[in-house]
Amino acid sequence: MITPEKIKVLYIDDEQNNLVGFKATFRFDYTIFIAQNTEKAYEVLKAHTDIRVILSDQRMPDKTGAQFFEEMREQYPDPVRMLITGYTDVESVIDAINKGHIFRYIKKPWTDIDIKGAIEEGNKFYISNSLLAVKNKELQSAYDELGKFAYSITHDMRGPLLSVLGALELAKGIDSLPEIREILGMMDEAVKKLDEFIKNTHEYYNLKRGKLDFEAIDFKNVVDDVAALFRITGRMQEVKFTANIEQNDIFISDEISIKIILSNLFSNAFKYQRKNASDKFVEVNIEVKDGDAVIIVKDNGIGIHENHINNIFTMFYRATSEQTGSGFGLYNVKDALNKLNGTIEVTSVVNEGTVFKVIIPGKPNDAK
């Protein structure tokens, strides 16, 4: 049978006899730490960050208990704070409540029952706050997921749709029937791929609350599917796209996550081209080797200034104002890689281009 871990309690009092008596009385019920001054109390808190309850005498030579609680709660907000006072001083108690945010105060002389009851109540309050913090974190995560879903609907789809609209404008000035048919064929393919992208994005955000679907990945097919979304954009902006894929081994991973990674990296590479450059290109190289997939996406666009490199994967962060964007794409890339235990590196030179290197570890064949 596993014995429950004892509640860790810190007691601060400048009178040594009180410290010794407190520890002797409650050492069997709780893990007791004692401190004769606030400086020693900080040392204990630094060494034992899982202390749940702190009891402090109000009247001490270096500072009052209320002053200590007001000061320490900024650095250590989680422990439940209790003030022990042996004299009637309403102002000090009010001060402790308002500034130190104490959970309760205890009058001297206290009884064992008073202290044990206070500690047990304080521990319940500590647990409740901890559970609330976890729920808040889960709620924030759900909110972030909702934001990413909204981004995929309103932003990732808008780029290809604008490309289709651009192709329609281009077709208005063309009299050659073969060329018009070619443009219509490209538009038809883009719309179909866009519909598939919407479906895959929807499935990704509804996959059993984040559960991944591992299957054999054919990178040639995956790249073809994603690149088709940018064919019209590439033609209109005169951006040459090339893909080099070396895959001789079976690679097991989540296809939807990989498509989201590639789609966002391709989108950035096409979007942030130098408008007046004559040799614009986007290049992807993928090699599956020793169980890992190494993906390198390279362009010769506007590049990213070194001051922005460390922030580009942050939600809503935008490194440039030259193109519109919500600052969500690279955040999505990083989030998908975290789920796949993958990594990403970026090197960039302003007005020369950017290289993203992604490494994704594959799952064993029996992980499907």
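Residues numbered from 1 in each chain as written. Predicted model: local features only at pLDDT ≥ 70, side-chain atom pairs only at ≥ 80, totals over all residues. Heavy atoms only, no water.

When its secondary structure is counted, the protein shows 11 helices and 12 strands. The buried share among the 368 residues of the protein stands at 41%. A separation of at least 24 residues holds for 68% of the contacts in the protein among residues at least 6 apart in sequence. Approximately 20,700 Å² of the protein is accessible, and the part contributed by carbon and sulfur atoms is 51%. (Helix = DSSP H or I, 4+ residues; strand = E, 2+ residues; numbered from the N terminus. Buried < 20%, exposed > 50% of the residue type's maximum accessible area, 1.4 Å probe, protein only. Contact = heavy atoms within 4.5 Å. Areas by Shrake-Rupley, 256 points an atom, 1.4 Å probe, with all protein chains shown as cover.)

This part takes up the nonpolar core. Of all hydrophobic cores here, the largest spans 43 residues; its most connected members are Phe219, Ile258, Leu265, Phe266, Ile295, Phe356 and Ile360. No other element matches the seven residues that helix α10 (residues 255-271) contributes to this core. Not counting residues up to four positions away in its chain, the partners in contact with Ile295 are Phe219, Leu262, Val284, Asn285, Ile286, Phe356, Lys357, Val358 and Ile360. Among the nonpolar cores identified, the runner-up in size contains 18 residues, and Leu19, Tyr30, Val80 and Tyr126 belong to it. (Core = buried A, V, L, I, M, F, W, Y, C linked by side-chain atoms within 4.5 Å.)

Now for the environment of Val164. Mapping Val164 onto the fold places it in helix α6 (residues 158-172). Using a relative accessible area of 12% as the deciding quantity, one classes Val164 as buried. Taking the C-alpha atoms as reference points, Val164 and Met187, 23 residues apart in sequence, are found 6.0 Å from one another. Not counting the four nearest positions on each side in its chain, Val164 is found in contact with Met187 and Val191.

Moving on: helix α11 (residues 329-339). Residues lying three or four places apart along an α-helix face the same way, a consequence of the helix completing one turn every 3.6 residues. The buried count for α11 comes to eight of 11 residues, which makes it a mostly enclosed element. Every buried residue belonging to α11 is among Gly329, Leu330, Tyr331, Asn332, Val333, Asp335, Ala336 and Leu337, and all of these are buried.

The subject of this paragraph is the environment of Lys339. Relative to the elements of secondary structure, Lys339 occurs in helix α11. Residues Lys339 and Leu212, spaced 127 residues apart in sequence, show a C-alpha to C-alpha distance of 8.3 Å.

The next thing to look at is the sheet that holds strand β7 (residues 240-247). Taken in spatial order, the five strands make up an open sheet running β7-β9-β10-β12-β11, and their pairing is mixed. With partners counted over all chains shown, the strands left at the sheet margins are β7 and β11 (343-349), one partner each. On average, each strand axis in the sheet is inclined to that of its neighbour by 10°, with strand direction left out of account. Bridge count for β11 against strand β12 (residues 353-361) is seven bridges, and the pairing is antiparallel. Note that in β12 the partner of Ile344 across the bridge is Val358. (Pairing = 2+ DSSP bridges. Axes fitted to C-alpha atoms, helices over the stretch in contact; angles between N-to-C directions.)

Put simply, helix α2 (residues 38-47) and helix α3 (residues 65-72) touch, their axes get as near as 12 Å, and they point 35° apart. Between α2 and α3 lies a crossing of right-handed hand. In this structure, α2 contributes Thr38, Ala41, Tyr42 and Leu45 to the contact, and α3 contributes Phe68, Glu71 and Met72. The class makeup of the residues in the contact of α2 with α3 is five nonpolar, one polar and one charged. (Left-handed = near helix turned anticlockwise from the far one by under 90°. Nonpolar A, V, L, I, M, F, W, Y, C, P; charged D, E, K, R; others polar.)

A few words now on the confidence of the model for the protein. The pLDDT averaged across the protein works out to 81; a share of 82% of its residues lies at or above 70. Here helix α4 (residues 90-99) is the element of the protein with the lowest mean pLDDT, 63, and strand β10 (residues 292-299) is the one with the highest, 95. (pLDDT = per-residue confidence, 0-100.)

Attention now goes to unusual backbone geometry. Trans is the common state for peptide bonds, and a negative phi is the common state for residues other than glycine. You will see that Glu238, though not glycine, has its phi angle at about 55°, which is positive. Mapped onto the elements of the fold, Glu238 is located in the loop between α9 (231-237) and β7. The phi dihedral of Asn341 falls on the positive side, at around 60°, and the residue is not glycine. Structurally, the position occupied by Asn341 is in the loop between α11 and β11.

Taken across its five residues, strand β3 (residues 53-57) has five buried, putting it largely inside the fold. Every second residue of β3 is oriented toward a common face, with Val53, Leu55 and Asp57 on one face and Ile54 and Ser56 on the other, all of them buried. Bridge count between strand β1 (residues 8-12) and β3: four bridges; the pairing is parallel. Each bridged residue has a counterpart across the sheet, and for Leu10 the counterpart in β3 is Ile54.

A few words on helix α1 (residues 16-26). When we look at burial in α1, the residues that qualify are Leu19, Phe22 and Phe26. Projected onto a plane normal to the axis of α1, the buried residues spread over an arc of 70° and lie on a single side. (Arc of directions from axis to C-beta.)

Let us now look at the sheet that holds β3. Ordered in space as β2-β1-β3-β4-β5, the five strands form an open sheet in which the pairing is parallel. The open sheet has two edge strands with one neighbour each: β2 (31-35) and β5 (104-107). Pairs of neighbouring strands in the sheet enclose a mean axial angle of 20°, with direction left out of account. Across five bridges, β3 lies against strand β4 (residues 80-85) in parallel orientation. Residue pairing across strands places Asp57 opposite Ile84, the latter belonging to β4.

On inspection of all chains with the given rule, the structure shows 12 salt bridges. With its nearest N and O atoms 3.0 Å apart, the salt bridge here joins Lys63 to Glu71. When the shortest N-O distance is used, the salt bridge between Asp225 and Lys259 registers 3.3 Å. Pair noted here: Asp225 is in helix α8 (residues 219-227) and Lys259 is in helix α10, with a separation of 34 residues, a long-range link. The same class applies to Asp225 and to Lys259, which are both buried. Overlapping salt bridges, with partners in common, bring together Asp225, Glu255 and Lys259 in one network. (Salt bridge = Lys/Arg side-chain N within 4 Å of Asp/Glu carboxyl O.)

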